[in-house]
Amino acid sequence: MNLNLDGKVAVVTGAAQGMGRAIALTFIKGGASVVAADIDLEAAKLVAEEAKALGAQAIAVRADVTKSEQVAEMVKSALEGFGKVDILVNVVGGSGRLKGRKLYLFRESTEEDWDSAISLNLKATMICTKAVLDHMIERKNGRIINISSVSALAGNIGMVDYSAAKAGVIGFTVALAKEVGPYNITVNCILPGPTETPGMKELNLPPESLEEMGRRTYLGRVGKPEDIANMAIFLASDGASFITGQSYAVCGARNLA
Ligand SMILES: NC(=O)c1ccc[n+]([C@@H]2O[C@H](COP(=O)([O-])OP(=O)(O)OC[C@H]3O[C@@H](n4cnc5c(N)ncnc54)[C@H](O)[C@@H]3O)[C@@H](O)[C@H]2O)c1
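Residues numbered from 1 in each chain as written. Predicted model: local features only at pLDDT ≥ 70, side-chain atom pairs only at ≥ 80, totals over all residues. Heavy atoms only, no water.

We now examine the overall build of the protein chain. The number of helices and strands found in the protein chain is nine helices and seven strands. Relative to the 2.2 N^0.38 estimate, which gives 18 Å for 257 residues, the radius of gyration of the protein chain is 17 Å and therefore close to what a compact globule would have. Residue burial in the protein chain is summarised as follows: out of 257 residues, 51% are buried. Considering only contacts in the protein chain between residues 6 or more positions apart, those separated by 24 or more positions represent 74%. When the accessible surface of the protein chain is totalled, it reaches about 12,000 Å², and 54% of it is carbon and sulfur. For the protein chain, the centre of its 27 positive side-chain charges and the centre of its 28 negative side-chain charges are spaced 3 Å apart. (Helix = DSSP H or I, 4+ residues; strand = E, 2+ residues; numbered from the N terminus. Rg over C-alpha atoms; globule rule 2.2 N^0.38 Å. Buried < 20%, exposed > 50% of the residue type's maximum accessible area, 1.4 Å probe, protein only. Contact = heavy atoms within 4.5 Å. Areas by Shrake-Rupley, 256 points an atom, 1.4 Å probe, with all protein chains shown as cover. Lys, Arg positive; Asp, Glu negative; His and termini not counted. Charge placed at Lys NZ, Arg CZ, Asp CG, Glu CD.)

With 12 residues, helix H9 (residues 225–236) extends 17 Å from end C-alpha to end C-alpha; this agrees with the ideal 16 Å at 1.5 Å per step. Along H9, the residues that are buried comprise Pro 225, Ile 228, Ala 229, Met 231, Ala 232, Ile 233, Phe 234, Leu 235 and Ala 236. Contacts from the buried residues of H9 go to helix H1 (18–29), strand E4 (87–90), strand E5 (142–147), strand E6 (185–192) and strand E7 (247–250). (Expected span 1.5 Å × (residues − 1).)

With a phi angle near 45°, Lys 140 is a residue other than glycine that sits in the positive phi range. One can find Lys 140 in the loop between helix H4 (111–139) and E5. With relative accessibility at 48%, the residue Lys 140 sits in the partly exposed group. The phi dihedral of Asn 184 is positive, around 60°, even though this residue is not glycine.

Moving on to the site of the ligand. Neighbouring the ligand are 28 residues, the closest being Asp 38, Val 91, Tyr 162, Thr 195 and Thr 197. Residue Val 65 places a main-chain N or O atom 3.0 Å away from a nitrogen atom belonging to the ligand. In the environment of the ligand, an oxygen atom lies 3.3 Å from a nitrogen or oxygen atom belonging to the backbone of Gly 93. A total of 840 Å² of accessible area belongs to the ligand in isolation, and the protein chains cover 88% of it. Listed by contribution, the elements that provide at least two residues to the shell around the ligand are H1, helix H6 (160–180) and helix H7 (198–201). The dominant element in the shell around the ligand, judged by the number of residues it contributes, is H7, at three residues. (Near = heavy atom within 4 Å. Polar contact = N/O pair within 3.5 Å; in protein donor to acceptor, adjacent residues only side chain to side chain.)

Further remarks concern the packing of aromatic side chains. When we look at a pair of aromatic rings, we describe it by the centre distance and by the angle of the planes. Enumeration over the complete set of coordinates arrives at one aromatic pair. When the ring of Phe 106 is compared with that of Trp 114, the centres are 6.0 Å apart and the planes differ by 85°; the resulting orientation is edge-to-face. According to the relative accessible area criterion, Phe 106 is exposed, its value standing at 52%. The exposure class of Trp 114 is partly exposed, given its relative accessible area of 23%. (Phe/Tyr/Trp six-rings, centres within 6.5 Å; stacked < 30°, edge-to-face > 60°.)

Attention now goes to the packing of H1 against helix H2 (residues 41–53). Taken N-terminus to C-terminus, the directions of H1 and H2 make an angle of 20°; their axes are 10 Å apart at the nearest point. Classified by the interaxial angle, the pair formed by H1 and H2 is roughly parallel. For H1 against H2, the interelement crossing comes out right-handed. Taking contact as the criterion, the partners of Arg 21, Ala 24, Leu 25 and Ile 28 in H1 are, on H2, Val 47, Glu 50 and Ala 51. (Axes fitted to C-alpha atoms, helices over the stretch in contact; angles between N-to-C directions. Parallel < 35°, antiparallel > 145°, perpendicular 65-115°, else oblique. Left-handed = near helix turned anticlockwise from the far one by under 90°.)

Moving on, we get to the state of the cysteines. Defined simply, a disulfide is a covalent bond joining two cysteines at their sulfur atoms. Counted according to the given criterion, the structure contains zero disulfides. In this model Cys 189 remains outside any disulfide bridge; the closest cysteine sulfur is found in Cys 251, 12 Å from its own. (Disulfide = S-S within 2.5 Å.)

To continue, consider the pairing of strand E2 (residues 33–38). Among the six residues in E2, six count as buried, and that is most of the element. Burial along E2 is two-sided: Ser 33, Val 35 and Ala 37 and Val 34, Ala 36 and Asp 38, pointing in opposite directions, are all buried. Of the pairings in the sheet, the one linking strand E1 (residues 9–13) to E2 comprises five bridges and is parallel in character. Paired with Ala 10 across the bridge in E2 is Val 34. The handedness of the E1 to E2 crossover, carried by H1, is right-handed. Here E2 runs beside strand E3 (residues 58–62); their pairing, made up of five bridges, is parallel. Paired with Ala 37 across the strands is Val 61, a residue of E3. Once the chain exits E2 it traverses H2 before rejoining the sheet at E3, and the crossover so formed is right-handed. (Pairing = 2+ DSSP bridges. Right-handed = clockwise from strand over helix to strand, strands pointing away.)

Okay, structure coming up:
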């Protein structure tokens, strides 16, 4: 099977760290040119520099993906820089817990918590997808890969807003795949389980709780960003050209716990 992305252009959101960074670098090693988009431009620039050191073409772009004007600029930079977008990976997401809030149960969650979870996880996916879709339809070619979470299926206590927003990403994936299939555009979704990323570390969970998360998978460990990137490059590759509307859990069977 050919996992080669030679000549392809990919826009990866949240590319400055964690899964986004791993996906950007894996795509680059696979031959793609990459637009590394992130709200943290300085960190995204480091990823672009790393890519260039590998002999690849990459540009870093600052974009808050919850803001459609900034996303329009992101896509404009991609088209000016590389002339096309073949692949969009919607990586940005997270929960209010990452913004300093400790675990909060549903009955303590506020409307603001819900607006924020839906905006960052679901609406941002919609905004970025809308921004590239006409271009992909015109070219009758495209790959859209969304990052949801195993929480969308298994649920997480204290993360009801996040779990619901991530479940929305699965519905978005399935429905959109049906609409855009006739244009040779595939839309798929990855559901990571607990994965060791800077975002996960920011939760400041005690070491025993990380170990416990690892134990609750059937492979006895938490995921690495590269585990997610490997699924992403497969879904972006020619080998996955007949796969659309699907959601794949990459979680050591954590979803079956
Ligand atoms: N880490 C896990 O255990 C885990 C598990 C399941 C799902 N996920 C999902 O995987 C995705 C990646 O998670 P991660 O842990 O690698 O994330 P992370 O927190 O380590 O990195 C997120 C990146 O997104 C950027 N970002 C945040 N808000 C942004 C915005 N509004 N616009 C543009 N960029 C923004 C950050 O600057 C950062 O570079 C998220 O959607 C997350 O919900 C993570």
